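Here's the letter readout for the chains.
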Amino acid sequence: MAFIDQLAGVRDGGWAKKITFFVGACVVIALLAPVAIVPAGSRGVMTTFGSARDALYEPGLHFRWPIAQSMNLMNVQIQNGEGDGDAASKDLQTVHTKVAINYHLDPAFAVEAFKNVGPSTDILAARIIIPATHESVKAVTALFTAEELITQRTVVRDQIAALLKQKMVRHGLVLDEFNLINFAFSKSFSDAIENKVKAEQQKQQAERDLQRLQVEAQQKVVGAKAEAEALAVQRMQITPELLSLRRIENERAAIAKWDGKLPSVTGGATPFINVDHSSK
């Protein structure tokens, strides 16, 4: 039994050595792999003992010298970022600005950016885009008053984007889109703007009310004038003959309505009717 146990221990130790050898061989093969893969959305920069070659490697499979050469990947896909910071307006108001940008590395500048700035697009953004964005925002904000920053927001955005684009393109970075997310001012200035807006709204309401009253007054004048003209026309049409005709018509209407009975009167003389005696 002891012999069997010893044999089993030898077998177990042999398998452990085999597994260790297999894992070690895989690691060595990975380190000494003579090929490098550049995935889609990236460009490769080959370095030989740390020195970058001028050749740009497109996505795909590329051969390299193990240990001596390494393939470094530069992301050329569109990326986005946000940032905020404080600046001063033309009228010395403190402005807190929040921006968002979309950008990408121009593939043709991947090797140059790798050599001069850093070995990744993220490092490019940290070293180039962030400072350039802050500088561009401050430079353009100083050209406008706080009120103009609000009323001319599109103009401000376009000017910041144009200045930032100039700074980025020198390093092979392309600005795809720039957005001003928000302008924030001090509480005292925000309150002043709100009060000014309310005053302007009240002024516009008062002007609308005045216009309405003026229209109503004009309508009344026009109506009174028309009524006066109508009465004047009626007066011109009334003649003695017309008055006589209207009186006769009223008398006939009264006779037509009479029922033949005399009215009853108490405490007075009985009225009489003029009777024509010529018939007797």
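The structure reproduced in this document is the subject of the present report. (Residues numbered from 1 in each chain as written. Predicted model: local features only at pLDDT ≥ 70, side-chain atom pairs only at ≥ 80, totals over all residues. Heavy atoms only, no water.)

Next up on the list: the nonpolar core. Counting residues in each nonpolar core, the largest one holds 35 residues, and the members touching the most others are M74, L105, V156 and F178. Those elements that place two or more of their residues in this core are β7 (94–105), α2 (110–116), α3 (121–141), α4 (146–151), α5 (153–169) and β8 (173–185). With 7 residues, α3 is the largest single contributor of residues to this core. Beyond its immediate stretch of four places on either side in the chain, V156 contacts V140, F144, L149, L180 and F183. In terms of nonpolar packing, the next biggest core, distinct from the first, is built from 5 residues, V38, M46, Y57 and M71 among them. (Core = buried A, V, L, I, M, F, W, Y, C linked by side-chain atoms within 4.5 Å. Buried < 20%, exposed > 50% of the residue type's maximum accessible area, 1.4 Å probe, protein only. Helix = DSSP H or I, 4+ residues; strand = E, 2+ residues; numbered from the N terminus. Contact = heavy atoms within 4.5 Å.)

The subject of this paragraph is the layout of surface pockets. Estimated volume of the largest pocket: approximately 180 Å³. Forming the boundary of the largest pocket are 14 residues, of which G81, E82, G83, I129 and I130 lie nearest the centre. Of all the secondary-structure elements, those providing two or more residues to the lining of the largest pocket are β6 (79–88), β7 and α3. Among the elements that line the lining of the largest pocket, the one with the most residues is α3, at 6 residues. Taken together, the residues of the lining of the largest pocket break down into 7 nonpolar, 5 polar and 2 charged. (1 Å grid on protein atoms, 1.4 Å probe; cavity = no way out; pocket = protein on both sides within 12 Å on 5 of 7 lines; lining within 4 Å. Points joined across faces, edges and corners; volume = space filled by probe spheres on them. Nonpolar A, V, L, I, M, F, W, Y, C, P; charged D, E, K, R; others polar.)

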